[in-house]
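This is what each chain is made of:
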Amino acid sequence: MIDLTTSYLGKILCSPLVCSSSPLCEDVDQLRRMEDAGAGAVVLPSLFEEQIRREGLDLDQFLEQNTNSYAEAVSYFPDMNSYNLGPDGYLEHVRQAKKALAIPVIGSLNGSTPGGWTEYAGLIEQAGADALELNVYYLPTDPERCAADIERQYDELVRAVKSCVSIPIAVKLSPFFTAPVELARRLAAAGADALVLFNRFYQPDFDLEALEVVPSLHLSHPSELLLRLHWTAILCGAVSADLAITGGVHSGLDALKAMMAGARVAMLTSALLKHGVDHLKKVRAEMAHWMEEHDYASVRLMQGSMSLRYVADPGAYQRANYMRVLRSYALRGEAP
Ligand SMILES: Cc1cc2nc3c(=O)[nH]c(=O)nc-3n(C[C@H](O)[C@H](O)[C@H](O)COP(=O)(O)O)c2cc1C
């Protein structure tokens, strides 16, 4: 009997396959199907800092009726009230999800700056969430701000959210840091119980006819998993927080690689948007089949087995590998 259980954010999950934050998780019926298909936990769609701040503006309007500044300010956020259910709808969604599911329900906040909005984390906990994921989506476009300053902001944000809740928190990070291992340790010290690697940044495209910058969202490709495997393998054992991989997990083999790198859970969104929620059954079956064939009795036994700490050749993750990789291409003889 293959044991797929894992531990994540202080809970024992029946499976390491977690449905990451996406519009699929906005619908309670879909959440039930995720549980039925073998998800170990679900992450609800994010509520955004801007939405919560805007609710603060609504409050201000109450207090300062007849000022024009309010109308001007909210015009920047045209549909913020209803996006991802809006702040009130969000709490109700957490309650409904908890009522409908036996697996853990993880709420999600998306923001980048400390402030009163982080207190909303406490409301998500009160609504019944088992844990909270904080997606720090910050784009460092200000030429006056140095890396240390920005990283301090991450630290403050994690401390602020942590101080509002007693449930565990996970921090979803970007891959773009100068010293990711040091930052990971700092965030764990600030209260991050898990790190979710990595956010996908959605780069805008150019419409050459209209000469406009336009949004573009492509679902992920399995090749995006490699960046996550690399850094999970490096962080495994170097940081006290649990590690989760999001980005490029499409198959059972992808999920197995995530486990071997050191992740406690492998998250899926693109594959489910592409193939439907029942794709989880296939991924789960593929994992179990491979484990059976290779005599692995449990997921926990394989977690971290290919990490920097345990791999036979640590150079594979370090600079030494760079020349090897370049040379391996030259030796293939593919040049015309
Ligand atoms: C349409 C869409 C909506 C998403 N919404 C959120 C969100 O609200 N909050 C969040 O943290 N991540 C969000 N994500 C990111 C996913 O949770 C996930 O991290 C990312 O898609 C990478 O995983 P994948 O390769 O399995 O798709 C969204 C992704 C997609 C495609």
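Everything below is about the structure shown above.
**Focus on unusual backbone geometry**
- Omega for the peptide link from Leu197 to Phe198 comes to -5°, which places this bond in the cis form.
- If you trace the backbone, Phe198 turns up in the loop between strand E9 (194–197) and strand E10 (205–207).
- In this structure, Leu9 is a non-glycine residue whose phi angle is positive, near 55°.
- Examined against the element boundaries, Leu9 turns out to sit in the loop between strand E1 (6–8) and strand E2 (11–13).
- Owing to a relative accessible area of 5%, Leu9 belongs among the buried residues under this scheme.
- In this structure, Leu211 takes a positive phi of about 50° despite not being glycine.
- Topologically, Leu211 is positioned in the loop between E10 and strand E11 (212–214).

**Details of the packing of helix H8 (residues 225–235) against helix H9 (residues 252–261)**
- The geometry of H8 relative to H9 is characterised by a closest axis approach of 8 Å and an angle of 20° between their N-to-C directions. Comparing the axis directions of H8 and H9 gives the class roughly parallel. Between H8 and H9 lies a crossing of right-handed hand. Residue-level inspection shows Leu225, Leu229, Thr232 and Ala233 of H8 in contact with H9, the latter providing Asp254, Lys257, Ala258 and Ala261.
- Here the residues of the contact of H8 with H9 are counted per class, giving 5 nonpolar, 1 polar and 2 charged.

**Quick notes on the site of the ligand**
- The local shell around the ligand holds 20 residues, among which Ser21, Ser46, Asn135, Ser220 and Ser270 are the closest.
- A distance of 2.7 Å separates an oxygen atom of the ligand from a polar atom in the side chain of Asn135.
- Gly248 places a main-chain nitrogen or oxygen 2.8 Å from an oxygen atom of the ligand.
- Summarising the interface, the protein chains cover 91% of the accessible area of the ligand, which totals 610 Å² for the free molecule.
- Among the residues making up the shell around the ligand, the classes are represented as 6 nonpolar, 12 polar and 2 charged.

**Overview of the pattern of salt bridges**
- One pass over the full model with this rule turns up 17 salt bridges.
- Arg159 serves as the salt-bridge partner of Asp155, at 2.9 Å between the closest nitrogen and oxygen. Separated by 4 residues within a single helix, Asp155 and Arg159 lie in helix H6 (residues 147–164), roughly one turn from each other.
- Relative accessible area serves as the criterion here: at 10%, Asp155 is assigned to the buried category.

**Overview of the pairing of strand E8 (residues 169–173)**
- By the criterion of burial, E8 is predominantly enclosed, with 5 of the 5 residues buried.
- Of the two faces of E8, the one holding Ile169, Val171 and Leu173 and the one holding Ala170 and Lys172 are both buried throughout.
- Sheet analysis places strand E7 (residues 131–136) next to E8, joined by 4 bridges and oriented parallel. Looking at E8, one finds that Leu132 is bridged to Ile169.

Rules behind the numbers
Here the residue numbering is sequential within each chain, running from 1 through the sequence in written order. For this predicted model, a pLDDT threshold of at least 70 governs which residues receive local features, and a threshold of 80 or more governs which side-chain atom pairs are given and counted, while totals over whole chains, interfaces and linings are taken from all residues. By convention in this description, side-chain values take in all heavy atoms of the structure and omit both hydrogens and water. The secondary structure listing takes helices from DSSP runs of H or I that are at least 4 residues long and strands from runs of E that are at least 2 residues long, numbered from the N terminus. When a residue's accessible area, from a 1.4 Å probe over protein chains only, is under 20% of the maximum for its type it is buried; when over 50% it is exposed; and in between it is partly exposed. To get an axis, a line is fitted to the C-alpha atoms, and for a helix only the part in contact is used. The angle between two axes follows their N-to-C directions and goes from 0 to 180 degrees. With respect to orientation, any angle under 35 degrees is reported as roughly parallel, any angle over 145 as roughly antiparallel, any angle of 65 to 115 as roughly perpendicular, and every other angle as oblique. By convention, the crossing between two helices is left-handed when the near helix turns anticlockwise from the far helix through less than a right angle, and right-handed when the turn is clockwise. Here a residue-residue contact requires only that any non-hydrogen atoms of the pair lie within 4.5 Å. Three classes are used: nonpolar for Ala, Val, Leu, Ile, Met, Phe, Trp, Tyr, Cys and Pro, charged for Asp, Glu, Lys and Arg, and polar for all others, with Gly counted as polar. We define proximity as follows: a residue is near a molecule or strand when any one of its heavy atoms falls within 4 Å of that partner. Identification of polar contacts relies on pairs of N or O atoms within 3.5 Å, with a donor-acceptor requirement for protein atoms, meaning one able to donate a hydrogen and the other able to accept it, and with residues adjacent in sequence counted only if both atoms are side-chain atoms. To be clear on the numbers: accessible area is Shrake-Rupley with a 1.4 Å probe, and residue cover counts the displayed protein chains and nothing else. Definition used for salt bridges: Asp or Glu carboxyl oxygen within 4 Å of a side-chain nitrogen of Lys or Arg. Strands are treated as partners if at least two bridges between them are detected by DSSP.

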